[in-house]
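# Fold and geometry: a report
What follows is the residue order along each chain.
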Amino acid sequence: MSGLPLVPLLLLAMIAEARAGPAADTVRPFYEQPGLELETSARDRFVDPARKVLDLNDEIRQRGEEGCLDPALPFNDTNFDAAEVTRTLTLSELAIGEQATVVASFMAENEKQGVQWMLRNVGGAWKIFDMTSMNKDWALSRFQCE
């Protein structure tokens, strides 16, 4: 083996993996169709704990109440301009085994925004199990929907 230490080789491998790929393809529609995460037709794209929170939110909305989730979670709960987000959106993916992280970076409200999506490979398809803000203090899995 060459004289290169193992840690830099691992870092190089991780950097090479950080790109858009199949897991990012799972995330992209949420930026192309604002509000998709709240549609029951998209529920099959999620697994617990995210799916449980979304299902609880659905139950609250079915009772005629507002729901428990902040609006526009994929857009980091901002007042976003769809054209600006589309123009500035980048998706970076890091997949290791059966789990992947996709970082969505974009401009909204004149600031760089970041949302981290965590996915798990279930039956050959990437499913979202959580999403967290990289700028604010929220995670989908931490919403208290009751």
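Fair warning: this is a prediction, and the values are worked out from it, not measured in the lab. (Residues numbered from 1 in each chain as written. Predicted model: local features only at pLDDT ≥ 70, side-chain atom pairs only at ≥ 80, totals over all residues. Heavy atoms only, no water.)

### Here we look at the overall build of the protein chain
Across its full length, the protein chain holds five helices and four strands. Out of the 146 residues in the protein chain, the part that is buried amounts to 40%. Expressed as a percentage of contacts within the protein chain between residues at least 6 apart in sequence, the contacts between residues at least 24 apart total 49%. Looking at the protein chain as shown, the accessible area adds up to about 8,300 Å², and 52% of this sits on carbon and sulfur atoms. (Helix = DSSP H or I, 4+ residues; strand = E, 2+ residues; numbered from the N terminus. Buried < 20%, exposed > 50% of the residue type's maximum accessible area, 1.4 Å probe, protein only. Contact = heavy atoms within 4.5 Å. Areas by Shrake-Rupley, 256 points an atom, 1.4 Å probe, with all protein chains shown as cover.)

### A word on unusual backbone geometry
Here D48 and P49 are connected by a cis peptide whose omega angle stands at 10°. Relative to the elements of secondary structure, P49 occurs in the loop between helix 3 (29-32) and helix 4 (50-62). Phi is positive for N76, close to 60°, though the residue is something other than glycine. If you trace the backbone, N76 turns up in the loop between helix 4 and helix 5 (82-88).

### Looking at the nonpolar core
Counting 35 residues, the largest nonpolar core has Y31, L69, W117 and L140 as the members making the most contacts within it. Listed by contribution, the elements that provide at least two residues to this core are helix 2 (22-27), helix 3, helix 4, strand 2 (99-108), strand 3 (111-122) and strand 4 (125-133). Top element by residues in this core is strand 2. It accounts for five residues. In this structure, Y31 is in contact with P74, F75, V85, L89, L91, A104, F106, V115 and W117, ignoring residues within four places of it in sequence. (Core = buried A, V, L, I, M, F, W, Y, C linked by side-chain atoms within 4.5 Å.)

### What to know about the pairing of strand 2
Bridging between strand 1 (residues 90-96) and strand 2 involves seven bridges; their strand directions are antiparallel. Across the sheet, the residue bridging to T90 is S105, located in strand 2. Between strand 1 and strand 2, which pair antiparallel in sequence order, lie two residues; one of them, G97, sits at a positive phi of approximately 65°. As paired strands, strand 2 and strand 3 are joined by ten bridges and run antiparallel to one another. Counted as the bridge partner of S105 is G114 from strand 3. Hairpin geometry of strand 2 and strand 3 is characterised by an intervening segment of two residues between the two adjacent antiparallel strands and by a positive phi of about 55° at E109. (Pairing = 2+ DSSP bridges.)

Coordinates in, geometry out; function isn't part of it.
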